[in-house]
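# Close look at the chain arrangement
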Amino acid sequence: MNVLGIDIGGSGIKGAPVDTTTGALSQERLRIPTPDPSEPEAVAGVVRRIVDHFAWKGPVGVTFPGVVVEGITRTAANVDRAWIGLDARKLFADATGLEVTVLNDADAAGIAEARFGAGRGRGGLVVVLTFGTGIGSALLMDGVLIPNTEFGHIEIDGHEAEHRASDHAREAHDLSWEKWAGRVQEYLERIQALLSPALIVVGGGVSKKAEKFLPYIELAGTPVVPAILLNEAGIIGAALAAGGRP
Ligand code: BGC
């Protein structure tokens, strides 16, 4: 089955049709910069452009970088506050004339990694963490998603974790990889203490550069591995969520 997956990120909105039986993109993905400000109507306009580009007529999955409950976006830590309490599913459906499923961006990456990536075949509790503009989290128990965890916002030493350890924080504070890895290490230790996962998958934009920081990370008892699907996890997970499961 082919489903159009669209991943709304802090800097870019990316989409491609996905073969949900293999997890492969069936056409080259299209990336359009995220409108600034990232107001709902402007973002919906980009979603429509992506649908038009692929002349898409089938189901569509869209990720959102905040809590999403039954199509309603409930938080907006790194996007325009007008999203809070909005019926995003309706907004996108009206903009495209198609049936749309909306889910959290890290949850999408999590289901994609669990099905086709670094968590494939792993039983028990798998935590997928995405390091980008913020820190996103996905919790999967035996491959089943427990949605809308928000572990990027746990407090460490009086600071929100994503303000210290996101990839954005690394760039904004001009941290060396080693120094930033120290912050990630502290964060992962806290996640391990809270959840005792069988596996932690490190994803998000920074997973492309895993060799620069993962060598500094050491978590006794819990393997920490880089995501495999990299930039495409959100697109693939969005497509899976929109009806691709056999
Ligand atoms: C949001 C999460 C999101 C993460 C990554 C956080 O600030 O609260 O919902 O998954 O950023 O985009």
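Residues numbered from 1 in each chain as written. Predicted model: local features only at pLDDT ≥ 70, side-chain atom pairs only at ≥ 80, totals over all residues. Heavy atoms only, no water.

### A word on the packing of helix α1 (residues 40-53) against helix α2 (residues 88-96)
With their axes 9 Å apart at the nearest point, α1 and α2 run at an angle of 45 degrees to one another. Relative to α2, the element α1 lies oblique. Of the two elements, α1 crosses α2, and the hand of that crossing is right-handed. Facing Pro-40, Glu-41, Val-43, Ala-44, Val-47, Arg-48 and Val-51 of α1, the residues of α2 in contact are Leu-91, Phe-92, Ala-95 and Thr-96. Across the contact of α1 with α2, the residue classes break down as 8 nonpolar, 1 polar and 2 charged. (Axes fitted to C-alpha atoms, helices over the stretch in contact; angles between N-to-C directions. Helix = DSSP H or I, 4+ residues; strand = E, 2+ residues; numbered from the N terminus. Parallel < 35°, antiparallel > 145°, perpendicular 65-115°, else oblique. Left-handed = near helix turned anticlockwise from the far one by under 90°. Contact = heavy atoms within 4.5 Å. Nonpolar A, V, L, I, M, F, W, Y, C, P; charged D, E, K, R; others polar.)

### A look at the side chain of Thr-96
Topologically, Thr-96 is positioned in helix α2. Beyond its immediate chain neighbours, meaning those up to four positions away, Thr-96 contacts Val-47, Arg-48 and Val-51.

### Here's the deal with the site of the ligand
Surveying the vicinity of the ligand reveals 13 residues, the closest of which are Asn-104, Asp-105, Glu-150, His-153 and Glu-162. The contact in question runs from an oxygen atom of the ligand to an N or O atom on the backbone of Gly-66, over 3.4 Å. Bound to the protein, the ligand loses 94% of the 310 Å² it would expose on its own. Because more than half of its atoms lie within 2 Å of the grid, the ligand is assigned to the largest pocket. Secondary-structure elements contributing two or more residues to the shell around the ligand are α3 (105-116) and β11 (135-141). In terms of residue class, the shell around the ligand is built from 5 nonpolar, 5 polar and 3 charged. Looking at which domains feed residues into the shell around the ligand, each of domain 1 (2-107 + 232-242) and domain 2 (120-228) gives three or more. (Near = heavy atom within 4 Å. Polar contact = N/O pair within 3.5 Å; in protein donor to acceptor, adjacent residues only side chain to side chain. Areas by Shrake-Rupley, 256 points an atom, 1.4 Å probe, with all protein chains shown as cover. 1 Å grid on protein atoms, 1.4 Å probe; cavity = no way out; pocket = protein on both sides within 12 Å on 5 of 7 lines; lining within 4 Å. Sits in = over half its atoms within 2 Å of the grid points. Domains from an automatic or database assignment.)

### Things to note about the domain arrangement of the chain
Taken domain by domain, the chain consists of domain 1 (2-107 + 232-242) and domain 2 (120-228). For domain 1 and domain 2, the distance between their C-alpha centres works out to 23 Å. Counting from both sides, the interface comprises 10 residues of domain 1 and, opposite them, 12 residues of domain 2. In this assembly, domain 1 packs against domain 2 so that about 810 Å² is buried in total across both faces, 48% of it on carbon and sulfur atoms. When the buried surface of domain 1 facing domain 2 is broken down by residue, Asn-78, Ala-106 and Asp-107 rank first, second and third, together holding 59% of it. Viewed at the interface, domain 2 and domain 1 are joined by 3 residue pairs in polar contact (both at pLDDT 80 or more). Contributions of two or more residues to the side of domain 1 that touches domain 2 are made by β6 (68-69) and α3. Looking at side-chain class alone, the side of domain 1 that touches domain 2 contains 5 nonpolar, 4 polar and 1 charged residues. (Buried area = accessible area lost by both parts, 1.4 Å probe.)

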